[in-house]
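Inside the fold
What follows is each chain in one-letter form.
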Amino acid sequence: MSKRALITGITGQDGSYLAEFLLSQGYEVFGLVRRTSTVNFSRIEHIQDQIRLIPGDMLDQTSLQLALAECQPHEVYNLAAQSFVQTSWTQPVFTGDVTALGVTRLLDAIRHVDPDIRFYQASSSEMFGKVREVPQRETTPFYPRSPYGVAKVYGHWITVNYRESYDLHATSGILFNHESPRRGIEFVTRKVTYNVAKIKLGLAKELRLGNLDSRRDWGFAGDYVRAMWLMLQQDTPDDFVVATGETHSVEELVTVAFDYVGLDWHEYVVQDPRFMRPAEVDLLVGDPSKAGQVLGWEPRVTFKQLIQMMIDEDLRLLESGGKAS
Ligand code: NAP
Ligand code: G4F
């Protein structure tokens with residue numbers, strides 16, 4: 001009998017890669033999707049005939065219980081969130097409701113429907129914020145710098161709390177930034193690769209960005225969903241940092257991207273205060289050694305390969321008359 005998995009956030013970047021990965025492992029894959037007036041299944045339309053979508057919303061407890069009862073999963077991957085940091089300052093209460101309390105709703109539904117379900121929580125390196133230690137590891141104290149980061153700290157600790165209170169197999173993956181050609185257009189990597197492709201094709205003249213000095217540990221989303229699955233295959237639930245161990249500034253990202261298409265970024269990039277944040281996370285770099293030792297996980301795609309892959313895909317998209325959704 002094949003294993004069943006429920007993915008919340010299946011329409012997002014990670015959800016789509018995780019669904020593909022679980023299908024390749026022989027899973028029956030279910031995805032929770034919220035009601036919207038127009039359907040946006042662009043990231044999963046190529047596998048839609050192989051998965052089952054169940055209506056539900058992280059804001060609605062009943063819908064979560066019904067979803068669990070319907071698909072009776074062995075594993076639940078909680079990827080749903082208001083995940084854009086900048087938006088969390090203008091929608092702090094909504095962000096807390098979905099990204100923090102949504103985790104409690106789901107954990108509590110699991111506890112009542114079937115406490116044997118294994119649970120994965122999508123925790124974030126944003127929790128480290130104003131970092132207390134370099135590189136950041138599982139034991140590094142949190143100091144979040146945005147309402148999103150604060151919500152993720154809540155989600156992390158409620159996962160630990162349900163593990164310890166109710167003996168649930170509940171695991172928290174503390175993932176550093178991971179990107180792909182499916183990344184939302186508002187995040188800095190995709191904003192850069194999409195606009196570099198547009199500039200190269202003569203479809204845009206400039207790229208407006210915020211802080212060029214902040215540093216991130218950027219990996220490939222396809223590599224990171226493998227780590228999520230490995231975590232739920234362990235006998236014991238735990239917390240794991242998933243990262244490359246390398247850090248690059250936004251300026252380096254811009255340089256690599258423009259260099260790849262043979263252009264000088266200084267001629268196109270304009271700094272715009274609209275994209276500066278009220279409080280910034282200056283430096284993220286993770287120590288993935290525990291994931292390496294316990295899970296046997298390591299990243300396969302390098303920073304340069306990642307940016308080049310994203311530009312290639314954006315050039316292809318634009319040349320075929322498409323645009324970012
Ligand atoms: P994403 O592309 O923004 O996807 C977010 C998903 O959550 C979408 O499927 C979205 O559905 C869904 N969602 C939002 N609100 C919901 C609600 N009320 N009910 C049900 N579903 C809802 O994010 P991602 O990059 O794939 O990230 C996946 C998870 O990992 C998120 O929790 C994120 O915070 C976390 N994370 C991401 C990174 C990263 O670098 N990507 C790093 C660390 C942690 P719609 O399509 O309907 O909007
Ligand atoms: O791409 P970003 O918006 O990602 P951020 O804020 O690091 O958050 C992402 O990674 C987290 C993991 O650490 C996730 F939890 C979260 O859900 C999300 O996936 O911004 C990266 C950096 C920031 O320092 C930002 O200030 O890029 C800087 N930046 C400079 N100009 C910009 C821009 N970011 C965006 N989005 N847009 C700009 O124009």
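Residues numbered from 1 in each chain as written. Chains lettered and ligands numbered in written order. Predicted model: local features only at pLDDT ≥ 70, side-chain atom pairs only at ≥ 80, totals over all residues. Heavy atoms only, no water.

1. What to know about the site of ligand 2
Selection criterion: We call a residue near a molecule or strand whenever a single non-hydrogen atom of that residue lies within 4 Å of it. Within 3.5 Å is the distance limit for a polar contact, defined as a pair of N or O atoms, with the added protein rule that one can donate a hydrogen and the other accept it, and that residues adjacent in sequence qualify only through two side-chain atoms. Note on areas: these come from Shrake-Rupley sampling with a 1.4 Å probe, and a residue is covered only by the protein chains present in the view. Each residue is assigned to one class: nonpolar for Ala, Val, Leu, Ile, Met, Phe, Trp, Tyr, Cys and Pro, charged for Asp, Glu, Lys and Arg, and polar for all the others, Gly among them. These domain boundaries are the output of an automatic or database domain assignment.
Taken together, 23 residues lie near ligand 2, and S124, S125, Y148, R277 and E280 sit nearest. Between ligand 2 and E186 there is a distance of 2.9 Å, counted from a nitrogen atom to a backbone nitrogen or oxygen. In isolation ligand 2 exposes 720 Å². Once the protein is present, 96% of that is buried. For the shell around ligand 2, the class distribution of residues is nine nonpolar, seven polar and seven charged. Both domains that furnish three or more residues to the shell around ligand 2 are identified here as domain 1 (4–178 + 218–242) and domain 2 (184–216 + 247–283 + 302–319).

2. Considerations on the domain arrangement of the chain
Under the convention used in this document: Contacts are assigned to residue pairs with any non-hydrogen atoms lying within 4.5 Å of each other. Here the buried area means the combined drop in accessible surface, using a 1.4 Å probe, for two parts upon being joined, counting both sides. Criterion for a salt bridge: a side-chain nitrogen of Lys or Arg within 4 Å of a carboxyl oxygen of Asp or Glu.
According to the domain assignment, the chain consists of domain 1 (4–178 + 218–242) and domain 2 (184–216 + 247–283 + 302–319). On a C-alpha basis, the centroid separation for the pair domain 1 and domain 2 is 27 Å. Taken residue by residue, the interface counts 16 residues in domain 1 and 22 residues in domain 2. Summed over both sides, the interface between domain 1 and domain 2 buries roughly 1700 Å², with carbon and sulfur atoms accounting for 64% of that surface. Interface area lost by domain 1 to domain 2 is led by F84, Q86 and W218, which between them contribute 45%. Linking domain 1 to domain 2 there are one salt bridge. Among the salt bridges present, the one from R216 reaches E126, with a minimum N-O distance of 3.8 Å.

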